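# Summary of structural features
Chain residues, written in single-letter form:
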Amino acid sequence: MILFLKKNTSDTQVENLVKWFDDMGIESHLSKGKFQTVLGLVGDTSAVDISLIEGLEIVETVKRIQEPFKNSNRKFHPDDTVVNVGDAKIGGKFFQIIAGPCSVESEEQICSIAKQVKEAGATLLRGGAFKPRTSPYAFQGLRAEGIELLLKAKQHTGLPIVTEIMDLSHLDLFADVDVIQVGARNMQNFELLKQLGKTDKPILLKRGLASTLEELLMSAEYIMAGGNENVILCERGIRTFETYTRNTLDISAIPLLKELSHLPIIVDPSHATGLSKLVRPLSLASVAGGADGLIIEVHNNPQCALCDGPQSITPEAFGDVVSEISPFLKLLGKEGLGGLV
Ligand code: PEP
Ligand code: MN
């Protein structure tokens, strides 16, 4: 971190500032030029509050040269992280698809979709039990029963299950869940992230509706700082001025996050636009962009889905998506999808 000090700063003020950093255990180097005095902070400055320093009377500007995220930073961990979920590996050369309905609706529904998506190449099953709905009058999910039904589908198919947690008080219900999803709306629920950091469960962390990539990585940092390194990032579209789509898929997030971080990144082409017809092309685009996987909403009868029907594809259409992306995955040297690639 580099601090540019104001011109009229006295020697005593500079000395006080150096001592202030010293007392915090931060080493600094002073460089006094004819026109500009610059103070460089050395070492780990991730705990330094940049806005506090910017607010100091003698400071003109501050430039951070090191990112504030440490555990998730590729600089300190050059190799790709591979997250293991049962037999499925996500990250590095391994590509997986999580598929299933937006919400678990009944035993018959979740078990039949699980069977169909598995046959098509999905290696993990998704299904919302606790649903974050904009309206309190909309279907809120089957809650604890939904998790029970997901576990039944797991029993039948062997697919590990992915489901969203909305509140810390429900954590005990997630004991047998394989991947805990933190949804877009909870990306910055820091108390939740801290507690999930104390578990050893893989966490699927979705990007907030209006969050920057740095904010996403800082949220991953909350989980990792607690000791849980099993974080999978998810780009699921962000809010823009566009009205044709529910969100706008930020494809650039994939290569950028790959450069900044060693964590796997998967894409959710369903929530990214809210339109089932765009799932196929955006899945292809995500593969081309370097994603480590996809999470796709699949429903046996999208017109009657209790949540997110317009963006859900049928099991047949899901099979087509897998067939279309498979040759490209092979070209890229990826492995996964239960041996399909
Ligand atoms: C979901 O996966 O069903 C969901 C609610 O996703 P998001 O948090 O990305 O909106
Ligand atoms: Mn959904």
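Shown above is the structure to which this text applies.
Residues numbered from 1 in each chain as written. Chains lettered and ligands numbered in written order. Predicted model: local features only at pLDDT ≥ 70, side-chain atom pairs only at ≥ 80, totals over all residues. Heavy atoms only, no water.

## So, the coordination of the manganese ion (ligand 2)
Here is the rule we go by: Nitrogen, oxygen and sulfur within 2.8 Å of a metal are treated as its donors, or within 3.2 Å for sodium, potassium and calcium (Na, K, Ca); water is not counted, so a site can appear incomplete. Only DSSP runs of H or I covering at least 4 residues are called helices, and only runs of E covering at least 2 are called strands; the numbering of each starts at the N terminus.
Binding of the manganese ion (ligand 2) to the protein goes through Cys102 (SG), His271 (NE2), Glu297 (OE) and Asp308 (OD), at separations of 2.0 to 2.4 Å. Read in sequence order, the donor residues coordinating the manganese ion (ligand 2) give the pattern C-x168-H-x25-E-x10-D. Taken together, the positions of Cys102 in the loop between strand 7 (94-100) and helix 3 (107-120) and His271 in helix 8 (residues 269-273) put the pair 169 residues apart, joining distant regions of the chain.

## Observations regarding the nonpolar core
Nonpolar side chains tend to gather and get buried jointly when the protein is soluble and globular. Short version of the rule: Residues grouped as a nonpolar core are buried Ala, Val, Leu, Ile, Met, Phe, Trp, Tyr and Cys residues, joined through side-chain atoms within 4.5 Å. Buried means the residue's accessible area, taken with a 1.4 Å probe over protein chains only, is under 20% of the maximum for its type, while exposed means over 50%, and partly exposed covers the values in between. Contact between two residues is taken to exist if any of their heavy atoms lie within 4.5 Å; hydrogens are not considered.
Core analysis: the biggest nonpolar cluster contains 63 residues, and Ile97, Val117, Leu125, Leu205, Leu233, Ile296 and Phe318 have the highest contact counts within it. The contact partners of Val117, leaving out residues within four places of it in the chain, are Ala99, Ala122, Leu125, Leu159, Val298 and Phe318. Counting residues in hydrophobic clusters, the runner-up holds 14 residues, among them Leu5, Val14, Leu39 and Val62.

## Here we look at the environment of Gly208
Summarising the element assignment, Gly208 is placed in the loop between strand 11 (203-206) and helix 6 (213-225). A sequence separation of 29 residues divides Gly208 from Gly237, and the C-alpha atoms of the two residues are 8.6 Å apart. Those residues in contact with Gly208 that sit more than four places away from it in its chain are Ala184, Met187 and Ile238.

## A look at the sheet that holds strand 3 (residues 37-42)
Using the following cut-off: We treat two strands as partners when DSSP finds at least two bridges between them. Every angle, taken between N-to-C directions, lies between 0 and 180 degrees, and every axis is a line fitted to C-alpha atoms, over only the stretch in contact when it is a helix.
Pairing in this open sheet of 4 strands is antiparallel, and the strands run 2-3-1-4 from one edge to the other. Taken across any chain shown, the strands that pair with only one partner, and hence form the sheet edges, are strand 2 (27-32) and strand 4 (59-63). Each strand axis lies, on average, 20° off the axis of its neighbour in the sheet, ignoring direction. In this sheet, strand 3 lies alongside strand 1 (residues 2-5) in antiparallel orientation, the contact comprising 4 bridges. Paired with Ile2 across the bridge in strand 3 is Gly40.

## Section: the pattern of salt bridges
Going by this rule: The salt bridge criterion pairs a side-chain nitrogen of Lys or Arg with a carboxyl oxygen of Asp or Glu, the two atoms within 4 Å.
Taken as a whole, this structure holds 18 salt bridges when the rule is applied. In this structure, Lys19 engages Asp23 in a salt bridge whose closest nitrogen and oxygen atoms are separated by 3.0 Å. One end of the pair is Lys19 and the other is Asp23, both in helix 1 (residues 11-23) and 4 residues apart, which spans about a single turn. Relative accessible area serves as the criterion here: at 49%, Lys19 is assigned to the partly exposed category. Given the relative accessible area of 57%, Asp23 is considered exposed. A salt bridge links Glu67 to Lys75, with the shortest nitrogen-to-oxygen separation between them at 3.0 Å. Connected via shared salt-bridge partners are Arg207, Glu235 and Asp250.

## Section: the packing of helix 3 against helix 4 (residues 144-157)
When two helices pack together, their arrangement is given by the angle between their axes and by how far apart the axes lie. What counts, and what does not: Roughly parallel refers to an angle under 35 degrees, roughly antiparallel to one over 145, roughly perpendicular to one between 65 and 115, and oblique to any angle outside these ranges. Helix crossings are classified by the rotation of the near helix relative to the far one: an anticlockwise turn of less than a right angle makes the crossing left-handed, while a clockwise turn makes it right-handed. Any residue outside Ala, Val, Leu, Ile, Met, Phe, Trp, Tyr, Cys, Pro, Asp, Glu, Lys and Arg is labelled polar, Gly included; the first ten of those are nonpolar and the last four are charged.
Where helix 3 contacts helix 4, the two axes come as close as 9 Å, and the packing angle between them is 40°. On the basis of the axis angle, helix 3 is oblique to helix 4. The interaxial crossing formed by helix 3 with helix 4 has right-handed handedness. Contacts between helix 3 and helix 4 involve Glu107, Ile110, Cys111, Ala114, Lys115 and Lys118 from the former and Leu149, Leu150, Lys152, Ala153, His156 and Thr157 from the latter. Taken together, the residues of the contact of helix 3 with helix 4 break down into 6 nonpolar, 2 polar and 4 charged.

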